[in-house]
Amino acid sequence: MNTTTAALTHRDRAVLRAVAAGRCEISTTSNALVVDGLPFSDQFAGPRLTKAGLIAAATGAGPARLTPSGHAILEAA
């Protein structure tokens, strides 16, 4: 998947901002996101942003982190 700034939705950018703020956790099995302790309603956002190389789990399940590409996308937005 080749994700560019133009292809990201407002929701995707909001997720990237939440990850940058340390408000997201991610599972390693399904890449499902938990934001502020609640399951994120868009079950496809985590896998989509992970596959695009914008977010990743730090180590195993736990806090999500922005990749260098994710940081670049946020800076460009």
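Structure's up top.
This structure is a prediction, so every number in the text was calculated from the model and none was measured.

Draft legend 1. How the structure looks around the sheet that holds strand β4 (residues 55–57). Spatially, β3-β2-β1-β5-β4 is the arrangement adopted by the 5 strands of the open sheet, whose pairing is antiparallel. The two strands at the open ends of the sheet, each matched to only one other strand, are β3 (38–39) and β4. Note that strand β1 (residues 24–26) and strand β2 (residues 33–35) share 3 bridges and pair antiparallel. Bridged to I26 within β2 is L33.

Draft legend 2. View of the pattern of salt bridges. Tallied over the full model, the rule gives 4 salt bridges. Note that D12 and R48 form a salt bridge whose closest N and O atoms lie 2.7 Å from each other. Within this pair, whereas D12 is found in helix α1 (residues 10–20), its partner R48 is found in helix α2 (residues 45–51), the two being separated by 36 residues in sequence. You can call R48 partly exposed: its relative accessible area is 25%. One salt bridge connects R23 with D36, and the closest N-O pair in it is separated by 2.8 Å.

Draft legend 3. View of the environment of D12. By relative accessible area, which is 3% here, D12 ends up buried. If we skip the residues at most four places from it in the chain, D12 touches R48 and L49.

Draft legend 4. Geometry of unusual backbone geometry. In this structure, N31 is a non-glycine residue whose phi angle is positive, near 60 degrees. Mapping N31 onto the fold places it in the loop between β1 and β2. The backbone phi angle of D36 is positive, close to 55 degrees, even though this residue is not glycine. Looking at where D36 falls in the secondary structure, it is placed in the loop between β2 and β3. Its relative accessible area of 49% is what places D36 among the partly exposed residues.

The rules behind these values
- Residues numbered from 1 in each chain as written.
- Predicted model: local features only at pLDDT ≥ 70, side-chain atom pairs only at ≥ 80, totals over all residues.
- Heavy atoms only, no water.
- Pairing = 2+ DSSP bridges.
- Helix = DSSP H or I, 4+ residues; strand = E, 2+ residues; numbered from the N terminus.
- Salt bridge = Lys/Arg side-chain N within 4 Å of Asp/Glu carboxyl O.
- Buried < 20%, exposed > 50% of the residue type's maximum accessible area, 1.4 Å probe, protein only.
- Contact = heavy atoms within 4.5 Å.

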